[in-house]
Number of protein chains: 2
Amino acid sequence: MAKSIKHILKKELEIKVGGKLWLESEGERFFGPGPLELLEKIEETGSISNAAKAMNMSYKKAWELMNHLNSQTSSPVVVPQAGGEKGGGSTLTPDGLELIKYYKALRKRFKTFLENESDRLKI
Amino acid sequence: MAKSIKHILKKELEIKVGGKLWLESEGERFFGPGPLELLEKIEETGSISNAAKAMNMSYKKAWELMNHLNSQTSSPVVVPQAGGEKGGGSTLTPDGLELIKYYKALRKRFKTFLENESDRLKI
DNA sequence: TATCGTTATATATTTGAAAATATAACGAAT
DNA sequence: ATTCGTTATATTTTCAAATATATAACGATA
């Protein structure tokens, strides 16, 4: 077991190991907490523009996230429709839903990792 | 074992799980890759100002990182001296060296986690 | 006491990312 | 054909973070 550093840190502070996780290709991130929330909000609201509003993100950024994400998958995870009933909208494909599930499971494993490491700081 | 998402991602791309790790207190980060490199460079060069130059960081930011870091530990990890021989300089305390060791070990465990998760993407 | 390069600190400037704004294209429904 | 709210795209504006710049204090040594 690795040595503790408890004695180094101020004992009155709650110190934790934090982190961030994403999927990347060619060193470029294309899926993380932001895109996850975006997909969830698109699923909820039926459009990119409403999703963006719901999460206080500019439409442009939301569109770019979505577009970049679609470029990394063998078939689109978000299908946008410009025009049509109610002006259009965007829907998630089954792959999109599966990606959400995968990332949430990954995030859970990461959470466990972080909690273990944070606990270790207290020893 | 969790389900794979291999079929979702473009097969011609090298997709990996990436991440970032840090120490935080009260939700505020105070130690990560940046401060690690800073401590190492201070140890190498003997001063904050030289360390900052070596890693292409402004002196101000380097000083702030160092100062914030020192505020989270029971005793300083960097001891700065203004004035004196050669104008002064900064040295790491044993605690500072230990913090480096700890973070590198933590980073190694994280690397393993990321590699496992990345491998899982290929299955 | 004069010198040195550093720490310490405040202020000004830059710059890069994000949001804000504007506009055209879209297409089902009426 | 008109309407609707959306997608798609370009341009402008904003803002925060970082750098750049300037200056005083520091303290061992000579």
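As the structure is a prediction and not an experimental result, all values here were calculated from the model.

Conventions used here
Residues numbered from 1 in each chain as written. Chains lettered and ligands numbered in written order. Predicted model: local features only at pLDDT ≥ 70, side-chain atom pairs only at ≥ 80, totals over all residues. Heavy atoms only, no water. Near = heavy atom within 4 Å. Polar contact = N/O pair within 3.5 Å; in protein donor to acceptor, adjacent residues only side chain to side chain. Helix = DSSP H or I, 4+ residues; strand = E, 2+ residues; numbered from the N terminus. Nonpolar A, V, L, I, M, F, W, Y, C, P; charged D, E, K, R; others polar. pLDDT = per-residue confidence, 0-100. Least-squares fit on C-alpha atoms with pLDDT ≥ 70 in both. Contact = heavy atoms within 4.5 Å. Salt bridge = Lys/Arg side-chain N within 4 Å of Asp/Glu carboxyl O. Buried < 20%, exposed > 50% of the residue type's maximum accessible area, 1.4 Å probe, protein only. Pairing = 2+ DSSP bridges. Axes fitted to C-alpha atoms, helices over the stretch in contact; angles between N-to-C directions.

## Thoughts on the protein's contact with DNA strand C
Near DNA strand C, the surroundings consist of 25 residues, among which G83 and G84 of chain A together with I48, W63 and G87 of chain B are the closest. Within 4 Å of the protein, the contacting atoms of DNA strand C are 66% sugar and phosphate, with bases supplying the remainder. The side chain of S58 of chain A places a nitrogen or oxygen atom 3.1 Å from a phosphate oxygen of DNA strand C. With respect to DNA strand C, the side chain of K60 of chain B contributes an N or O atom lying 3.1 Å from a base oxygen. Listing elements by their share of the surface near DNA strand C, those giving two or more residues are α3 (59-71) of chain A together with α2 (48-54), α3 (59-70), β3 (78-82) and β4 (88-92) of chain B. In terms of residue count, α3 of chain B provides more of the surface near DNA strand C than any other element does, four residues in total. Grouping the amino acids of the surface near DNA strand C by side-chain chemistry returns seven nonpolar, 13 polar and five charged.

## Focus: the confidence of the model for chain A
On average, residues of chain A score 95 in pLDDT, and 98% of them are at 70 or above. Least confident of the elements in chain A is strand β2 (residues 28-31) of chain A, whose mean pLDDT is 95; most confident is helix α4 (residues 94-121) of chain A, at 98.

## Remarks on the protein's contact with DNA strand D
As a structural note, the neighbourhood of DNA strand D is formed by 26 residues, with I48, W63 and G87 of chain A together with G83 and G84 of chain B the closest of them. Counted by atom, the contact set of DNA strand D within 4 Å of the protein is 66% sugar and phosphate. The side chain of N50 of chain A places a nitrogen or oxygen atom 3.3 Å from a phosphate oxygen of DNA strand D. A distance of 2.4 Å is found between a base nitrogen of DNA strand D and a backbone nitrogen or oxygen belonging to G87 of chain A. Those elements that place two or more of their residues in the surface near DNA strand D are α2 (48-54), α3, β3 (78-82) and β4 (88-92) of chain A together with α3 of chain B. No other element matches the four residues that α3 of chain A contributes to the surface near DNA strand D. Class assignment of the residues belonging to the surface near DNA strand D gives a composition of eight nonpolar, 13 polar and five charged.

## A closer look at the relation of the copies chain B and chain A
Note on the copies: chain B fits chain A at an RMSD of 0.1 Å, the axial shift is 0.0 Å, and the rotation between them is 180°. A rotation of that kind, with that shift, is consistent with a two-fold axis. Among all C-alpha atoms of chain B, that of K20 of chain B lies closest to the rotation axis, at 2.6 Å. Most of the interface of chain B is mirrored in chain A, where 100% of its interface residues again form contacts.

## Concerning the pattern of salt bridges
All names here are of chain A. Under the counting rule described, the total for this entry stands at twelve salt bridges over all chains. Where R120 meets E117, a salt bridge forms, and the shortest distance between an N and an O atom there is 4.0 Å. Of this pair, R120 and E117 both sit in helix α4, three residues apart, roughly one helical turn.

## Some words on the environment of V78 of chain A
Residues and elements named next belong to chain A. Relative to the assigned elements, V78 resides in strand β3. Residue classification places V78 among the buried positions, given a relative accessible area of 0%. Once the C-alpha coordinates of V78 and D95 are considered, the two residues, 17 residues apart in sequence, prove to be 8.8 Å apart. Discounting chain neighbours no more than four positions away, the residues touching V78 are L39, I42, M66, N70, S90, T91 and L92.

## As for the sheet that holds β2 of chain A
The strand order β2(A)-β1(A)-β1(B)-β2(B) describes an open sheet built from four strands, whose pairing is antiparallel. Edge positions in the open sheet fall to β2 of chain A together with β2 (28-31) of chain B, since each of these has one partner strand only. Neighbour-to-neighbour, the strand axes of the sheet open up by a mean angle of 65°, direction not taken into account. Helix α1 (residues 33-45) of chain B rests against β1 (15-25) and β2 of chain B of the sheet, and its axis sits at about 25° to β2 of chain B.

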